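Each chain is listed here by its residues.
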Amino acid sequence: GTFITEAHVAARLSRNRRAAASFFSKELGEQDTGWEVVRGTCTNHPFKFGRRGSKKCYELDMAMDYSSATFELGNWTVAVHGMRSCRGCLLARDREAQ
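The structure presented is a predicted model; accordingly, all values stated were derived computationally and were not measured.

J.: Could you clarify how one ought to interpret the nonpolar core in this entry?
T.: Formed by 19 residues in total, the largest nonpolar core has its most connected members in Phe23, Val38, Phe47, Cys57, Met62, Met64 and Phe71. Of all elements in the fold, only β1 (6–14), β2 (17–24), β3 (38–42), β4 (45–49), β6 (60–64) and β7 (68–73) reach the threshold of two or more residues within this core.

J.: Whenever I open this one, unusual backbone geometry confuses me. Can you help?
T.: Leaving glycine out, the prevailing phi sign among residues is negative, and the prevailing peptide bond configuration is trans. In the Ramachandran plot, aspartate 32 falls in the positive-phi region, its phi being about 60° despite a non-glycine side chain. Positive phi, normally seen in glycine, also occurs at tyrosine 58, with a value near 55°. Structurally, the position occupied by tyrosine 58 is in the loop between β5 (54–57) and β6.

J.: Can you walk me through the sheet that holds β6 in this structure?
T.: Strands pair in a sheet through their backbones, by hydrogen bonds, and they do so in one of two ways: parallel or antiparallel. Ordered by their spatial adjacency, 4 strands build an open sheet running β5-β6-β7-β8, and the pairing between neighbours is antiparallel. Two strands close off the open sheet at either side, each with one partner strand: β5 and β8 (76–81). Going from strand to strand, the sheet's axes swing by 10° on average, the running direction of each strand aside. As paired elements, β6 and β7 share 4 bridges and run antiparallel to each other. Within β7, the residue paired with methionine 64 across the bridge is alanine 69.

J.: Help me understand the pairing of β2, please; the structure alone is not making it clear to me.
T.: Every other side chain in a regular strand lies on the same face of the sheet, so the side chains alternate between the two faces. Sheet topology places β1 next to β2; 8 bridges connect them, and they run antiparallel. When the bridges of β2 are listed, alanine 7 appears paired with phenylalanine 23. Here β1 hands over to β2 after 2 residues, the two strands then running antiparallel side by side. Strand direction decides the pairing type here: β2 and β3, joined by 5 bridges, are antiparallel. What sits directly across from phenylalanine 23, in β3, is valine 38.

J.: Help me understand the pairing of β6, please; the structure alone is not making it clear to me.
T.: Burial along β6 is one-sided: the residues Leu60, Met62 and Met64 are buried and none of Asp61 and Ala63 is. Inspection of the sheet shows β5 paired to β6 by 4 bridges, in the antiparallel sense. The residue bridging cysteine 57 from the neighbouring strand is leucine 60, located in β6. Two successive antiparallel strands, β6 and β7, enclose a turn made up of 3 residues.

J.: So what exactly am I meant to see when it comes to the pattern of salt bridges here?
T.: Opposite charge on two side chains allows them to pair when their charged atoms are near. Across all of its chains, the model carries 4 salt bridges by this definition. Of the charged contacts, one joins glutamate 36 and lysine 48 as a salt bridge, the two residues approaching to 3.7 Å between their closest N and O atoms. Of the two residues, glutamate 36 sits in the loop between β2 and β3 while lysine 48 sits in strand β4, which places them 12 residues apart along the sequence.

About the cut-offs
- Residues numbered from 1 in each chain as written.
- Predicted model: local features only at pLDDT ≥ 70, side-chain atom pairs only at ≥ 80, totals over all residues.
- Heavy atoms only, no water.
- Core = buried A, V, L, I, M, F, W, Y, C linked by side-chain atoms within 4.5 Å.
- Buried < 20%, exposed > 50% of the residue type's maximum accessible area, 1.4 Å probe, protein only.
- Helix = DSSP H or I, 4+ residues; strand = E, 2+ residues; numbered from the N terminus.
- Pairing = 2+ DSSP bridges.
- Axes fitted to C-alpha atoms, helices over the stretch in contact; angles between N-to-C directions.
- Salt bridge = Lys/Arg side-chain N within 4 Å of Asp/Glu carboxyl O.

Shape is all these values report; function is a separate question.
Here's what the structure looks like:
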């Protein structure tokens, strides 16, 4: 199977203001939490946060709980829930099937 491992949000806040944020599930640890899971820029100023962190970039509100994040702008809400990848699982299943 294929899994989505990243989510990206881009927002034009005004004519001269832009924001971008990315959620990287590879940054989640064994307990499905992480300290630098969300990274981005707010008007070209970089930021990063993780578990229980948040960032406000003008009208764009971003927050993370344990393994999920929300990005809110106006009437739009993007919610992302991540899980730590299971590396080698597909390979192990293929070997068992043979």
